[in-house]
Amino acid sequence: MMQSVRAEISLGALVHNFNVVKSKVPESKIISVVKANAYGHGLVQVAKALNDSDAYAVARIEEALALRSAGITKPIILLEGFFNEDDVPVLVANNLTVALHCTELLEQIERAEVPSPINAWLKLNTGMHRLGVNPDEAEAFYARMEKCPNIAKPIGIISHLCCADEPKKDEYTRRQIGIFNDFASRHPGPTALANSAGIFTWPDSHTQWVRPGIVLYGVSPYEDKTGEELGLKPVMTLKSNIIAKRHIKKGDKVGYGCYYEAPYDTNIGIVAMGYGDGYPRQVPNGTPVLINNRIVGTAGHVCMDMMFIDLGPDSTDQVGDEVVLWGEGLPVEKIASILGTIPYELVIKLTNRVNFVYK
């Protein structure tokens, strides 16, 4: 049976990208970020393929427990901390590392009764103002962590760069790195600052640990570059097939709202891919897809289960021919740019109708 919509995940490309990261930071340990179902690529499958990682990072405790259930024994860092006091014993039982970013979390650990200390990092707010302890409060917070018997020593220090991918904001990134390094220099323990853009652009952010995310999946963190231009390989290739082909005349209107009007006599391919699969409805006419080694454009609004592509007047494409929506041969960054969004959003939004095939 032919699978109608599939995301082919190249584990070889994943390992290649990991090795590219490693070549950039030979002195650092690597925390592979696999949150949000490994950026939509499959949490457990990706983590197992990245078995040379020194640690993993996730956002939610459920993600960490899924990794432990799958037999992953390496350190797992909860980047958002934990959400409930009942989670504290779970941290200990599963040997999870938690980023402490506010007094409320620290208080919950201080009053907990646990059989052994919890691995913890202080999350320092260096300027993103999302999560983290402000620099003027960090010394007191760190001292409190040091005194807490429920926290293992040494204590790590972690932060996040918010503009490392934007050259026009270099001064802000330098400021963040300076704040982090100043605080970290006064304390022992592991440090982690560089994200994907930091790894590729900011050597001063290469601390003892680095934290690659989107680049592991072959996607660029920069608006003006593709992953291929960074030496990366796309891990996900989203595919479907033509399920019908129609000849239409110049002036014929296509799809809901008659959004596309044929500028010439042409052939329209109907592809088994829609917003019910996670392909964005709002793509404009002419958004590229790849078929038989050539680029053609979308035509008309994306439907829930199908979409239209203009194959051209001289098309020889047939029902059953494969169509690539993004991935190998068609960077997802290009689709994101057309939509005015980031590729992260596209790859994580595929629905459970999509069949994942691991190669």
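Throughout this description, residue numbers start from 1 for each chain and increase along the sequence as written. Totals for whole chains, interfaces and linings use every residue, but because this is a predicted model, local features are given only for residues with pLDDT of at least 70 and side-chain atom pairs only at 80 or more, for both listing and counting. Note that the side-chain values use all heavy atoms of the structure and ignore hydrogens as well as water.

(A) Seen up close, the packing of aromatic side chains. Working definition: rings of Phe, Tyr and Trp (its six-membered ring) pair if their centres are within 6.5 Å, and the pair is stacked with planes under 30 degrees apart, edge-to-face with planes over 60 apart, and tilted otherwise. The final tally for this structure, using the stated rule, is six aromatic pairs. Plain terms: the ring middles of Y39 and Y344 are 6.2 Å apart, the flat faces sit at 40° to each other, and that makes the pair tilted. With a gap of 305 residues between them, Y39 in helix α2 (residues 35-40) and Y344 in helix α11 (residues 343-348) connect regions that are remote in the sequence. Buried, partly exposed and exposed residues are distinguished by accessible area as a fraction of the type maximum, computed with a 1.4 Å probe on protein chains only: under 20%, between the cut-offs, and over 50%, respectively. Note on Y39: relative accessible area 8%, which makes it buried. With a relative accessible area of 27%, Y344 lands in the partly exposed category. When the centroid spacing of 6.4 Å and the interplanar angle of 25° are considered together, the rings of F356 and Y358 count as stacked. What makes F356 partly exposed here is its relative accessible area of 28%. Taking the relative accessible area as the measure of exposure, Y358 reaches 27% and is therefore partly exposed. In DSSP terms, a helix is any run of H or I states spanning at least four residues, a strand is any run of E spanning at least two, and both are numbered starting from the N terminus.

(B) Inspection of the layout of surface pockets at higher detail. Grid points spaced at 1 Å over the protein atoms alone were grouped into cavities, where a 1.4 Å probe fits but cannot get out, and pockets, open sets with protein on both sides within 12 Å along at least five of seven lines, with lining residues defined by an atom within 4 Å of a point. Grid points are joined across faces, edges and corners, and a volume is the space filled by probe spheres set on the points. Space inside the largest pocket adds up to approximately 1000 Å³. Breaking the lining of the largest pocket down by element, the ones donating at least two residues are α2, α9 (196-201), α10 (332-339) and α11. Among the elements that take part in the lining of the largest pocket, α10 stands out by supplying four residues, more than any other. The nonpolar class holds Ala, Val, Leu, Ile, Met, Phe, Trp, Tyr, Cys and Pro. Asp, Glu, Lys and Arg form the charged class, and all remaining residues, Gly among them, are polar. When its residues are assigned to classes, the lining of the largest pocket shows 21 nonpolar, nine polar and twelve charged. Lining the second largest pocket are 14 residues, and of these P75, T97, N119, W121 and P190 lie nearest its centre. Element by element, the count of residues in the lining of the second largest pocket is highest for strand β6 (residues 119-123), at three residues. Residues that form the lining of the second largest pocket fall into these classes: nine nonpolar, four polar and one charged.

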